[in-house]
Amino acid sequence: LSFSFSLIQQWIPAADPPKSQLSSSSPSTTTTTMALPPPPPPPPTTRKTATAGPPTPSRSQELLPQDDEEVVQSVVSGALPSYSLESKLGDCKRAASIRREALQRVTGRSLTGLPLDGFDYDSILGQCCEMPVGYVQIPVGIAGPLLLDGSEYSVPMATTEGCLVASTNRGCKAIHLSGGANSVLLKDGMTRAPVVRLPNIERAAQLKFYLEDPHNFDTVSMVFNKSSRFARLQSARCTMSGRSVYIRFCCSTGDAMGMNMVSKGVQNVLDFLQADFPDMDVIAISGNLCSDKKPAAVNWIEGRGKSVVCEAVIKGDVVKKVLKTSVKSLVELNKDKNLVGSAMAGALGGFNAHASNIVSAVYLATGQDPAQNVESSHCITLMESTNEGQDLHVSVTMPCIEVGTVGGGTQLASQSACLNLLGVKGAHKETPGANARRLATIVAGSVLAGELSLMSALAAGQLVKSHMKYNRSSKDVTTHAAAAASS
Ligand code: ADP
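Bear in mind that the values here come from a model prediction, so they are computed numbers and not experimental data. (Residues numbered from 1 in each chain as written. Predicted model: local features only at pLDDT ≥ 70, side-chain atom pairs only at ≥ 80, totals over all residues. Heavy atoms only, no water.)

(A) Structural context of the overall build of the protein chain. The secondary structure content of the protein chain amounts to 16 helices and 11 strands. Sequence-distant contacts, at least 24 apart, represent 73% of the contacts inside the protein chain between residues at least 6 apart. For the protein chain, the exposed surface amounts to about 22,400 Å²; the carbon and sulfur share of it is 55%. (Helix = DSSP H or I, 4+ residues; strand = E, 2+ residues; numbered from the N terminus. Contact = heavy atoms within 4.5 Å. Areas by Shrake-Rupley, 256 points an atom, 1.4 Å probe, with all protein chains shown as cover.)

(B) Just the pattern of salt bridges, in detail. By the definition in use, this model includes 17 salt bridges. When the shortest N-O distance is used, the salt bridge between Asp369 and Lys293 registers 2.6 Å. Taken together, the residues span a long stretch of sequence, with Asp369 in the loop between helix H12 (355–366) and helix H13 (373–376) and Lys293 in the loop between strand S7 (281–284) and helix H9 (297–302) at a distance of 76 residues. Assessed through its relative accessible area of 23%, Asp369 is described here as partly exposed. (Salt bridge = Lys/Arg side-chain N within 4 Å of Asp/Glu carboxyl O. Buried < 20%, exposed > 50% of the residue type's maximum accessible area, 1.4 Å probe, protein only.)

(C) The nonpolar core, seen in detail. One finds Met157, Ile314, Leu392, Ile401 and Val447 to be the most contacted residues of the largest nonpolar core, which totals 54 residues. No other element matches helix H15 (residues 434–469), which puts 13 residues into this core. Apart from the residues within four sequence positions on either side, Ile401 is in contact with Arg304, Gly305, Lys306, Val308, Tyr363, Ser376, Ala440, Val443 and Ala444. Residues Met190, Leu198, Leu270 and Ile285 belong to the second largest nonpolar core, which totals 34 residues. (Core = buried A, V, L, I, M, F, W, Y, C linked by side-chain atoms within 4.5 Å.)

(D) Up close: the site of the ligand. Taken together, 16 residues form the shell around the ligand, and within it Asp255, Met257, Gly258, Asn260 and Met261 come nearest. Backbone polar atom of Met259 to an oxygen atom of the ligand: 3.4 Å apart, as the coordinates give it. At 3.1 Å, a backbone N or O of Met261 approaches an oxygen atom of the ligand. Here the ligand has 570 Å² of accessible area as a free molecule, and 86% of this is covered by the chains. Among the residues forming the shell around the ligand, the class breakdown is eight nonpolar, five polar and three charged. (Near = heavy atom within 4 Å. Polar contact = N/O pair within 3.5 Å; in protein donor to acceptor, adjacent residues only side chain to side chain. Nonpolar A, V, L, I, M, F, W, Y, C, P; charged D, E, K, R; others polar.)

(E) Structural context of the state of the cysteines. Summed over all chains, the structure comprises zero disulfides. Cysteine Cys250 is unpaired, with the sulfur of Cys251 as its nearest cysteine sulfur at 6.9 Å. With a relative accessible area of 6%, Cys250 lands in the buried category. (Disulfide = S-S within 2.5 Å.)

(F) Broad picture of the side chain of Asn352. Checked against the element boundaries, Asn352 lands in the loop between strand S9 (350–351) and H12. Judged by its relative accessible area of 14%, Asn352 is buried. Here the side chain of Asn352 touches Cys379 through a polar contact of 2.9 Å, landing on its backbone oxygen. When sequence neighbours within four positions are dropped, the list of residues in contact with Asn352 reads Asn338, Ser342, Ser377, Cys379, Thr381 and Glu451.

(G) Seen up close, unusual backbone geometry. Cis rather than trans, the peptide bond between Gly144 and Pro145 has omega equal to 5 degrees. With respect to the secondary-structure elements, Pro145 resides in strand S1 (residues 140–148). For the bond running from Cys290 to Ser291, omega is -5 degrees, close enough to zero to count as cis. Residue placement: Ser291 occurs in the loop between S7 and H9. Despite not being glycine, Cys163 shows a phi value in the positive range, around 85 degrees. Tracing the backbone through its elements, the reader meets Cys163 in the loop between strand S2 (151–158) and helix H5 (164–177).

(H) Inspection of the pairing of strand S3 (residues 182–192) at higher detail. In this structure, S3 lies alongside strand S8 (residues 305–314), joined through seven bridges in antiparallel fashion. Bridging from a neighbouring strand, Gly189 pairs with Gly305 of S8. Here three bridges tie S3 to strand S6 (residues 244–252), and the two strands are oriented antiparallel to one another. By the bridge assignment, Arg192 is partnered in S6 with Phe249. (Pairing = 2+ DSSP bridges.)

(I) Spotlight on helix H8 (residues 259–273). With 15 residues, H8 extends 21 Å between its outermost C-alpha atoms, agreeing within 8% with the 21 Å of an ideal straight helix rising 1.5 Å per residue. Taken as a whole, H8 has its buried residues at Met259, Met261, Val262, Ser263, Gly265, Val266, Gln267, Asn268, Val269, Leu270 and Leu273. Packed against the buried residues of H8 are S3, strand S4 (195–197), helix H6 (201–212), helix H7 (217–225), S6 and S7. (Expected span 1.5 Å × (residues − 1).)

(J) The side chain of Gln368, seen in detail. Tracing the backbone through its elements, the reader meets Gln368 in the loop between H12 and H13. A polar contact is formed between the side chain of Gln368 and the backbone oxygen of Thr366, at a distance of 3.1 Å. A distance of 2.9 Å separates a polar atom in the side chain of Gln368 from the backbone nitrogen of Gly404. If sequence neighbours within four positions are ignored, Gln368 has contacts with Tyr363, Glu402, Val403, Gly404, Thr410, Leu419 and Leu439.

(K) Just the packing of helix H2 (residues 68–77) against helix H4 (residues 92–107), in detail. The interhelical angle for the contact between H2 and H4, taken along N-to-C directions, is 55 degrees, at an axis separation of 9 Å. It follows that H2 is oblique to H4 by the angle criterion. For the pair H2 and H4, the crossing hand works out as right-handed. Along its contact with H2, which presents Asp68, Glu69, Val71, Val72, Gln73, Val75 and Val76, the element H4 presents Arg94, Ile98, Glu101, Ala102, Arg105 and Val106. In the contact of H2 with H4, the residues fall into seven nonpolar, one polar and five charged. (Axes fitted to C-alpha atoms, helices over the stretch in contact; angles between N-to-C directions. Parallel < 35°, antiparallel > 145°, perpendicular 65-115°, else oblique. Left-handed = near helix turned anticlockwise from the far one by under 90°.)

Given below as structure tokens:
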């Protein structure tokens, strides 16, 4: 099997898009300069979809043998590069099948168990995955209904961690019986921060002052917003390090998660700046102050994507009957574990019990970028007693929920079905961005449910353990211990 080293060399992950993909498109006449302008209604245009149809066979296809076995042998011998199968054959499913067979022969390893059939390989071409040989199955469970902001949601969770869905479901039940949860969205802006270098610190400071001068915002945002009818620049903040400048652009991106969109806008501005700053050397379109798919204080403090806070007041009797613990125990445990424990651990955004469990499962089910689980799971969980100690006030504050309902993996059949279940599939018709924002609040609401349930399991386990210690109960604690196992 001939692996494509040239392809590997060209590959740059979504977190760092290649410059060649960043040329501006769809010129816009928009000159809106508000910090958070409402996106314009989507004009009727041809939207890029993943299902672009099968690839057109290249001219060399005629030279290919018609027989699958002969093509497999060509791949095995190295005469035919594996990566070229889709374009050479003009048939994505056949390409995957042949690549898979060649791979098994070259490695001498069986792929039995990794399914090939039952997947639309056309839908991932040039968009989601290269050189496919099959697909991994992850079961999807449903937690809910989650009663959030007056609406009910059945939350799809793709996971192989036993108890996770059941536990989140229990949290949803406690929230529902208590009248539901409420959410607020504080901020909606995707960021990208290129690093540029000037000849000296004076020129670097001039660039910083130029970009941060409010008088220049109209011009810069007009250039930026040409990237898409949905991209609207909110800010461009500069951090200097010696003669290098890291420009953290932040923009709204409609229903898209927005990495592509913001990167295109950034490239537009960098090209534009070359006129006044010809001595500016663009080191990289991503200088890590973005900060994408890496833990970073800048995200925790400033937010990235959607910043959401979600709360619920859980009635005392629900805490007792459904969560099998007490308000007092939960409040104490939350302080000792999620606040003090995480502080002692030097946590960065990790002031929670298992937000990433819920975030990852919902992300996988709904076609989000699972690598963004890193910052999307930043969460502080707070618990206080309320109503004179009777009830529990619980909240999750999540500054970096990075989700979209168009683009990337969201349009694949399974993921799209899960978005449809939540009523947030695709682009929102009247208010672009409303579907993605709703999805972000559902993620936060689901995390709230997950936090409630796991913290309760832990509190109950602790309670039973201390009962045992002081010999006040001989109850079997194994069920509680099992429920608390996944913290
Ligand atoms: P991302 O920036 O998250 O990587 P993509 O660029 O892959 O997303 O997908 C966004 C695409 O979807 C753009 O081409 C955009 O014009 C189109 N689109 C259609 N409707 C919307 C919408 N409501 N919000 C955002 N993008 C939309």
